[in-house]
Every structure is written in C-alpha cells, then in structure tokens.
Amino acid sequence: MRAGSGRLVDRHPSLDRDRVLADLVPPPRFAQARFATYEPDPAQPSQAAARARLERFAAATGAGADDRGRGGGLARLLGRRDTSRGGTADAAQGVYLDGGFGVGKTHLLTAAWHEASGRRYYGTFVEYTNLAGALGFRGAVAALSGADLVCIDEFELDDPGDTVLMARLLRELADSGTRLAATSNTLPDALGTGRFAADDFLREIQAVGRLFEVVTVDGEDYRHRGAPRAPVPASADEVAALRSRDGATVDDFGALCEHLATVHPSRYGTMLDGVQEVGWSDVTALPDQNVALRLVVLADRLYDRGLPLLTSGVPLSELFTPEMLAGGYRKKYLRALSRLTALAREPRPT
C-alpha cells in the first residue's frame, strides 16, 4: 500500500472460501502466546488455576487420537463441571473459560492451541458462523469434523439463527471426537439473555452448556492495569498527517461506519491486509445498535493485529451511548472499549 493512498472505505474484499478456513489460526497478536508467558495475578488465584487446567487439557489433546473414536471417547474423560458455578459433575467434551474482559482468557485459549497437537482450528465465534455461511452448514461440518481441537474465542449468542446453528455444529463436532475450548464473558446457561427471546431456545442453549466444563477466570482488565488513562483525542490535522505514512489508513469515522454495512463482517480482517496503523477522523457517538455491533467486530480485528489507532473527535470512552452500555450487549461494548483504548496507546511504527 502506497503512502497517502490508504482508506478502508475504498476496500471491498471478496469472499475467499479457501481463506476462510485457512485463517482459522490464532491472530498475529497471540502468535507467541504460551502458558509460560501468561502472568496470573497473584491476587486472583482463579487465573493460575485456569492456566493449570488448560495446560492439562492441551497436553491430552491430540494424544491417543485413535482411542477417542466417535462420540468423544478419551475426550469425555477430561475433568468435571465447575460445581461452584452451578454446573453438575457430568463429564464434559471441552473447557469453557468464563470471565470478564481483559483477564487473559484469549491468551490461555491461544496457548492451548499452540501447545496441543494434531489438527486444530482457532477462530472467534463470528468466524465460525461465517464459515458456515461460506461453506454451508454441511460443508463446515465436513471441514471441521475429526479435528483434534476447535477453539472458539468470544463465544456469544446474539440471535436465534446463530443459536440453532452453533448448537448443531458443536454437537456434530463433539460426536466426531473433536475437543472444544471456548472463551466468553457469559456463563453457558445465560447465553442470549437480553439479546433475544432466549427462553424460546433453552433446549439449544442447554445443549451447548452440557458440552463444556466451566472454568472461571476472575480479575481486572490487564490491558489497563497500572496504565495511564486513555489518550485524549488527537487534532484533525494530526490524524490527517497519517496519510503521508506507509501502511496507514485514514477514514472519516461516519463514512467508515457506513462502509462497514456494505462489507460482510467475515471480511473485516481481509480489509486490513497490509495496514500498519489506523486513523479515524471526527469520531462521534454511535447512532444505533447495528452500527455499534459492526464496529465491535472491526475493533476485534484491529486488536488481533495490534494496529495503533489515532482518532480525533469525541473520546473513545463516549463511542457507545449510556443506553447501549446498559443493554444486553454491555459486555461486548466494554470489551471493544478496552481493546480500542489499548490500541490508542500502542506505539506507532517507525
């Protein structure tokens, strides 16, 4: 990308079916994540306990694959449900890291992927739903079935369609002997609460919950532990100056939000190919939930790539309205704010 030519609104990535599957690996930010590099907070014993649990899980994944067979076999012998959080002592097919944003769940999940053996996939919840959209449900099942491990970051049920689709997909993967690992800000039995008529889909939601042993990770947001407050917004001239830098994109924030509606969220990552830093001018509070949810996906892809962010306009803390932060997507919006603020602190490339 040439200096001075970068605008995300000029990018219209097409669907590449092969890439959708090939991209199911940990993002660049977590390429070196290992259990040894996870630093649990001494004040939060659940963090060290979660690391130990995931280490045992990863060590057993890929070993004895021939003995697992269909229906889980060895995988079903992994630990017990977390009875302290209301689970039963049933055997589980996988582990489910539950905790607030910024406690290191994604680090632990990617470490499990890196340190496990065998055929394995890693993606966010939305990337798996996008895979089913790209390949069709049967195609997605065929592509993933029999894998030793499928990792799902940011597990969340936002609508009835995703609920039914993921319940079926995970059940079929479990039946093929695949082990599952997931992260979420919400306990399995509470998925979908405040977002749709979850009571109408209790069977599917409970079926998802039965596949997992819940592992709780408590703590405060490490991204801002002891860090200075979020930087104040830059001036319009400072953001505009990014246009002269190689690998930089600069977009009017309103125009970017409109553009996101024309690009499928599964392609937001592709839209960032070759980008090294990002500028948004004239940032305003988001006008509605649909725009906000699309921006959350973009924030996740920016964070995956560790792209420094420079903005003008209102502070990032004012992106989401008080009404949004009080609603069913509160945790998702707070995660996005945490990640965008961390990107605003990232050193710019030299």
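Residues numbered from 1 in each chain as written. Predicted model: local features only at pLDDT ≥ 70, side-chain atom pairs only at ≥ 80, totals over all residues. Heavy atoms only, no water.

**Q** Tell me about the overall build of the chain, and name the residues and values.
**A** Within the chain, the secondary structure is distributed over 14 helices and 8 strands. Here the chain holds 350 residues, and 51% of them are scored as buried. In the chain, of all internal contacts separated by at least 6 residues, the share reaching a separation of at least 24 is 84%. Roughly 14900 Å² of accessible area belongs to the chain as shown, and the carbon and sulfur atoms make up 51% of that amount. (Helix = DSSP H or I, 4+ residues; strand = E, 2+ residues; numbered from the N terminus. Buried < 20%, exposed > 50% of the residue type's maximum accessible area, 1.4 Å probe, protein only. Contact = heavy atoms within 4.5 Å. Areas by Shrake-Rupley, 256 points an atom, 1.4 Å probe, with all protein chains shown as cover.)

**Q** Could you give an account of the nonpolar core, with specific residues and numbers?
**A** Judged by nonpolar contacts, the single largest core of 41 residues is most densely connected at Trp280, Leu286, Leu298, Leu319 and Phe320. Considering every element that reaches this core, the biggest residue donor is helix 12 (residues 289-305), with 10 residues. Counting residues in each nonpolar core, the second largest holds 29 residues, with Ala134, Ala147, Leu180 and Ala182 among its members. (Core = buried A, V, L, I, M, F, W, Y, C linked by side-chain atoms within 4.5 Å.)

**Q** Kindly report on the packing of aromatic side chains, identifying the contributing residues and their values.
**A** Using the criterion set out here, one finds 7 aromatic pairs in the structure. The interplanar angle of 75 degrees and the centroid separation of 6.4 Å between the aromatic rings of phenylalanine 155 and phenylalanine 212 together place this pair among those described as edge-to-face. Separated by 57 residues along the polypeptide, phenylalanine 155 in the loop between strand 3 (149-153) and helix 7 (160-175) and phenylalanine 212 in strand 5 (residues 212-216) bring together distant segments of the chain. With a relative accessible area of 1%, phenylalanine 155 lands in the buried category. A residue is classified by how much of its surface remains accessible, and phenylalanine 212, at 0% relative accessible area, is buried. Each residue in the set Tyr96, Phe125, Phe155 and Phe212 is aromatic and connected to the rest through ring pairs, giving one cluster. Here arginine 29 stacks its cationic end above the ring of tyrosine 303, 3.8 Å away from the centre of that ring. The ring centre of tryptophan 113 lies 4.4 Å from the NZ or CZ of arginine 120, which sits over that ring. (Phe/Tyr/Trp six-rings, centres within 6.5 Å; stacked < 30°, edge-to-face > 60°. Lys NZ or Arg CZ within 6 Å of the ring centre and 35° of its normal.)

**Q** So what's going on with the sheet that holds strand 2 (residues 120-124)? Residues and values would help.
**A** A sheet is described by the order of its strands in space; here 5 strands give the open sequence 2-3-4-1-5, paired in parallel fashion. A single partner strand is all that each edge strand has here, and the edge strands are strand 2 and strand 5. Mean inter-strand twist for the sheet, computed between neighbouring axes without regard to direction, equals 15 degrees. Examined bridge by bridge, strand 1 (residues 94-98) and strand 5 share 5 bridges and lie parallel to one another. Its bridge partner lying in strand 5, glycine 94 is registered against phenylalanine 212. (Pairing = 2+ DSSP bridges. Axes fitted to C-alpha atoms, helices over the stretch in contact; angles between N-to-C directions.)

**Q** Explain the pattern of salt bridges residue by residue, including any values.
**A** Overall, the coordinates contain 16 salt bridges when judged by the stated rule. Note that aspartate 10 and arginine 7 form a salt bridge whose closest N and O atoms lie 2.9 Å from each other. Judged by its relative accessible area of 43%, aspartate 10 is partly exposed. Its salt-bridge partner being glutamate 277, residue arginine 348 comes within 3.3 Å of it at the nearest N-O pair. Of this pair, arginine 348 sits in the segment after helix 14 (330-345) while glutamate 277 sits in strand 7 (residues 277-283), placing them 71 residues apart in sequence. With a relative accessible area of 41%, arginine 348 lands in the partly exposed category. Taken together, the salt bridges that share partners define one network made up of Glu154, Glu156, Asp300, Lys332, Arg335 and Arg339. (Salt bridge = Lys/Arg side-chain N within 4 Å of Asp/Glu carboxyl O.)

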